[in-house]
Amino acid sequence: MGSPLTKLAALVEKDFKLASGAKKDLKTLGARYETAKLIKDLKARVEQLGNRNNLIIQLPERPRAVRIDPPIQALYTDAANLQGIDGPRQELVERLQDGAPQLKVVSIVGFGGIGKTTLANQVYKAIQGQYDHTAFVSISRFPNFTRILLDILQQFRPYKYVSSLDDENKGISLIRELLQDKRYLIVIDDIWTVEAWNIIKCCLIDNNRGSRIITTTRTEDTAKECCSTLYGYVYKIQPLNDADSTRLLYRRIFHAEDACPEQLKCISSEILKKCGGLPLAILTVGSILASHQEACSMEIWDKIINSFGFQLERSPALEWMRHVFDLGYNDLSLNLKTCMLYLGVYPEDCKILKNSLLRRWIAEGFITGGHGDFQAEEIAEFNIHELINRNMVQIDDFDDCGEVFSVRVHDLLLEYILLKSTEQNFITTINDKQSTKGSFEVRRLSLHVRNSENCDVLASMALTQARRYDMPSVSSLFQLRYLRTRGISCKKLMRTQLRNLEQLRTLEVAVSELEYFRLDPEMLPSTLWHLDLKGGVKLDGRIGRLRDLRTLCSLEIVHGNVGGVKELAELTNLRELKLYQCLRGGDDETCDVLLSSLCKLCDLRSLIISGPFELNRYPDFLARWSPPPRYLRRLHVMACLFSTVPADFLAELGNLSSLEINVLSLQSDGADVLARLTLLVHLTLHIETAPREGVVVIRRAAFPNLREFSFRCEAPCLAFEAGAMPRLRVLHIECYEQGTWLSDGVLDGIEHLGSLDELKSIGGGKGKA
């Protein structure tokens, strides 16, 4: 039948011919001819854009559950065992730990994808416990030094909660003041220019305390400059040798280093030869092969090697990496291609929060529900796992439950994404140095600029298809689904009747603690899914109308606010809840109502209760929570005292991965009760009084998945049997009784913790390491 657009063009052309035969008015004929021509052009453009539209609307009929492959997760959680890294790591550790008192720099140089950042991070983790202050920051090609200096400050303990910085000079002054008499370790990753190093260098003080700097860069001149004015050493990182390359590829595809079928060994050697020892290329190709159900099929391996052709040998430098990325990109489904291209909106070296990314995918319409029992958020989760498995995005960090918290995009891959986005007219990016724009009108505009004068290029762009930032008109954007705003402008925005935005699903609002203001839920659309309030923003009013909420961070529980706490029970879709309470004496009723409301929230996955609390007045009120939500994975309730470990209560929480709990005393089997939570990844246990038995024994095979353990008590009283906590990497111990830290029997069996990477302890008010 043809499309309506095609029919309209045909009718206009027919009308033109009839009119021409009748020799009607030439002006009318000319107008009609132009109309037909415009419609033809429009039809051609729609056809040209058809594939891009399919990227957005096409989804698999039935999405399959996708988990992160164990081999790819192991590469991030256990990078210390990455092939070929042991020797370089040990060499750099020895050079940095040579005992010299003067400030020393080691500059790691090598081309993109060779593993500079991985090596620097492993050296950093190996020695960071020996310094007063440590920081790891990325510079990138177009650095924002105010942000970088703020990042350094936030990683230093005294300035952990600094949220803003006025200018570079203030940041440099604060850092120099802080480092004046401290031993420090700072990693400056991905330095592109000598000018960037000269600014960072202004922060550094040589105070003869053995401080160390690690830099990474692609250019040898920059590496030499980093070491020229300070006592330094340039380390040229080398590609992986044949043996290490082979082991890395086989681990990624077959989960083991010796599991490659004999018939594939010859062709794998050909692939590795073309990868040139670059871990990024090896992992990308290996991830493509591992993603196929028939990973051992000779046909698939032949297609991979044939896709490279002869161009790899002829391409200079790393231009051939584009062909590697092409191979991975073309192997993606259409909706995964869309999700991947969207990563181009983030600047280089950006730490991308997973939850924020998934909500933005959904808001853009890339992912929708309507697939049986599958929800949009679950499909989005599967997509990010798939991209991680294919090495298209890299894991940056895990959360306390052992789930992916943030991801990054390798800078080489980001260049590729921006190139593809330009070809597809998917994203237009403008930064301080350049802009990437397709041949058509702007559809998505990503601005990474610091000064308004850098936005002059916008004047020459057609922005009719792009949604622009215009605060007074936000309330008229009735299709808006995701809104994140920070700073003083938040107050103005909250007065613009956001309640009319009936499509809004995610609202994130943050101001500094000094810009305190209250937000009335009546001003918000009742269809919100995620409400995240930070800083001085407080929710005040009827929250019961927000019945679709899945995330509420955070709700303040104040003295006498019984009505607001009672309405919490109406938010039965909540999965993530964060409460800040400051109850006073006489608030028994509020506690009872809070408990009653929590009992209605059967779908909770995460509960955090923080804030000052009169511990001895309301002990064990949470232990009366019945039945507790069976899906709960995170329970952080340090503000709520338990008289002892609540065995019956915890017995119903078999899915807990992260637990923070404060008990008055620990019964003889208290540790054993906690050990029954076999899925625990993170545990914080504070004991107000020392156990009667004098020691807390962690039994053999207890806590099989625990990665982080924080323990506080009057006196050190931990002992570990062989085989306990086999995966423990971080152990923090705080004991505040004077004179007991170095007594016999303290931390008996700690030598059994074979996976331990970090031990921090505070005893008698002074830190020990």
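Here, every reference points to the structure presented above.
Cut-offs applied
Each residue is numbered by its place in its chain's sequence as written, counting from 1. Totals for whole chains, interfaces and linings use all residues, but because this is a predicted model, local features are given only for residues with pLDDT of at least 70 and pairs of side-chain atoms are given and counted only at 80 or more. Values shown for side chains rest on all heavy atoms present in the structure; no hydrogens or waters enter the calculation. Throughout this description, buried means an accessible area under 20% of the type-specific maximum (1.4 Å probe, protein chains only), exposed means over 50%, and partly exposed covers the range between. Strands are runs of DSSP state E lasting at least two residues, helices are runs of H or I lasting at least four, and both sets are numbered from the N terminus onward. What the arc describes is the spread of directions from the helix axis to the C-beta atoms. The criterion used for residue contact is that any of the two residues' heavy atoms lie within 4.5 Å. DSSP bridges decide pairing: two strands pair if at least two such bridges lie between them. Helix axes are fitted only over the stretch in contact, all axes being lines through C-alpha atoms; the angle between N-to-C directions runs from 0 to 180 degrees. The cut-offs work like this: below 35 degrees is roughly parallel, past 145 is roughly antiparallel, 65 to 115 is roughly perpendicular, and the gaps in between are oblique. Left-handed describes a crossing whose near helix is turned anticlockwise from the far helix by less than a right angle; the clockwise case is right-handed. Three categories are distinguished: nonpolar for Ala, Val, Leu, Ile, Met, Phe, Trp, Tyr, Cys and Pro, charged for Asp, Glu, Lys and Arg, and polar for the others, with Gly belonging to the last. Definition used for salt bridges: Asp or Glu carboxyl oxygen within 4 Å of a side-chain nitrogen of Lys or Arg. Classification of ring pairs uses Phe, Tyr and Trp, with its six-membered ring standing for Trp, and accepts pairs whose centres are within 6.5 Å; under 30 degrees between planes counts as stacked, over 60 as edge-to-face, and the remaining range as tilted. Any Lys NZ or Arg CZ found within 6 Å of a ring centre and within 35 degrees of that ring's normal is scored as a charge over the ring. One fewer than the residue count of a helix, multiplied by 1.5 Å, yields its expected span.

**Student:** Can you walk me through helix 4 (residues 86-96) in this structure?
**Tutor:** For an α-helix, 3.6 residues make a turn, and residues three or four places apart therefore share a direction. Listed in full, the buried residues belonging to helix 4 are P88, R89, L92, V93 and L96. Considered in projection along helix 4, the buried side chains sweep an arc of 130 degrees and stay on one side of the axis. On its buried side, helix 4 packs onto strand 1 (104-109), helix 5 (116-127), strand 4 (212-217) and strand 5 (231-236).

**Student:** What am I meant to see in the pairing of strand 2 (residues 133-138) here?
**Tutor:** For a regular strand, side chains alternate in direction, first toward one face of the sheet and then toward the other. Counting buried positions along strand 2 yields six of six residues, so the element is predominantly enclosed. Residues H133, A135 and V137 line one face of strand 2 and the alternating positions T134, F136 and S138 line the opposite face, and both faces are buried. Examined bridge by bridge, strand 2 and strand 3 (residues 184-191) share six bridges and lie parallel to one another. If you follow A135 over to strand 3, its bridge partner there is I186.

**Student:** When you look at the packing of helix 8 (residues 194-201) against helix 9 (residues 220-228) in this model, what are you seeing that I'm missing?
**Tutor:** Packed helices, taken two at a time, are described by the angle between their axes plus the distance between the axes. With their axes 9 Å apart at the nearest point, helix 8 and helix 9 run at an angle of 25 degrees to one another. Between helix 8 and helix 9, the angle is such that the two are roughly parallel. When you trace helix 8 past helix 9, the crossing you get is right-handed. Across the interface between the two elements, V194, W197 and N198 from helix 8 touch T222, E225 and C226 from helix 9. Residue composition of the contact of helix 8 with helix 9, by class: three nonpolar, two polar and one charged.

**Student:** What's the story with the pattern of salt bridges in this structure? I'm lost.
**Tutor:** Taken as a whole and judged by the stated rule, the model has 37 salt bridges. Between K303 and E299 there is a salt bridge, with its nearest N and O atoms 3.9 Å apart. Placement of both K303 and E299 in helix 13 (residues 298-308) is noted, with a separation of four residues, approximately one turn of the helix. For the pair formed by K303 and E299, the shared burial category is exposed. With a closest N to O distance of 3.8 Å, R712 and E688 form a salt bridge. Linking R712 in strand 24 (residues 708-713) with E688 in the loop between strand 22 (682-687) and strand 23 (696-698), this pair joins segments that are 24 residues apart in sequence. On the accessibility criterion, R712 (23% relative accessible area) is partly exposed. Overlapping salt bridges bring together R322, D326, K420 and E423 as one network.

**Student:** What should I look at first to understand the sheet that holds strand 8 (residues 404-408) in this one?
**Tutor:** Within a beta sheet, neighbouring strands are joined by backbone hydrogen bonds and run either parallel or antiparallel to one another. Judged by pairing direction, the sheet is antiparallel, and its three strands sit side by side in the order 6-8-7 without closing on themselves. Because the sheet does not close on itself, it has two edges, and the strands there are strand 6 (352-353) and strand 7 (394-398). Across four bridges, strand 7 lies against strand 8 in antiparallel orientation. By the bridge assignment, D397 is partnered in strand 8 with S406.

**Student:** I tried to follow the packing of aromatic side chains on my own but got confused; where do I start?
**Tutor:** The relative placement of two aromatic rings is captured by the distance of their centres and the angle of their planes. Scanning the entire structure with this criterion turns up ten aromatic pairs. Measuring from ring centre to ring centre gives 6.0 Å for Y250 and F254, while their planes differ by 65 degrees; the resulting arrangement is edge-to-face. Of this pair, Y250 and F254 both sit in helix 10 (residues 242-254), four residues apart, which is roughly one turn of the helix. Residue Y250 shares its accessibility class with F254, and that shared class is buried. Where F709 meets F711, the ring centres are 6.1 Å apart and the plane angle is 55 degrees; that geometry is what we call tilted. Exposure class is identical for F709 and F711. Each is buried. Three or more aromatic residues joined by ring pairs make a cluster, and in this case those are Y250, F254 and W301. One residue, R95, lies across the ring of Y233, its end atom 3.6 Å from the ring centre.

**Student:** Help me out: how do you make sense of the sheet that holds strand 4 in this one?
**Tutor:** Spatially, the five strands line up as an open sheet ordered 2-3-4-1-5, and their pairing is parallel. Strand pairing shows two members of the sheet lacking a second neighbour, strand 2 and strand 5, which therefore form its edges. Each adjacent strand pair in this sheet contributes to an overall mean axis angle of 10 degrees, direction not counted. Those strands touched by helix 5 are strand 1, strand 2, strand 3, strand 4 and strand 5, and its axis lies near 170 degrees from that of strand 2.

**Student:** Would you mind going over the pairing of strand 15 (residues 530-535) with me for this structure?
**Tutor:** With six bridges connecting them, strand 13 (residues 506-511) and strand 15 associate as parallel partners. Bridging across to strand 15, V509 finds its partner in L533. Of the strand pairs in this sheet, strand 15 and strand 17 (residues 551-557) are connected by three bridges, and their pairing is parallel. Looking at the pairing, D532 lines up with C553 of strand 17.

**Student:** Just to check I follow, could you spell out helix 12 (residues 279-290) for this structure?
**Tutor:** Taking 1.5 Å as the rise per residue, helix 12 with twelve residues should run 16 Å; its terminal C-alpha atoms sit 16 Å apart, in good agreement. Of all twelve residues in helix 12, twelve are buried, a share of seventy percent or more.

**Student:** In this structure, what is going on with the environment of F426? I would like to understand it.
**Tutor:** Relative to the elements of secondary structure, F426 occurs in the loop between helix 19 (411-424) and strand 9 (428-431). Sequence spacing of F426 and V345 is 81 residues, and the spatial spacing of their C-alpha atoms is 10.0 Å.

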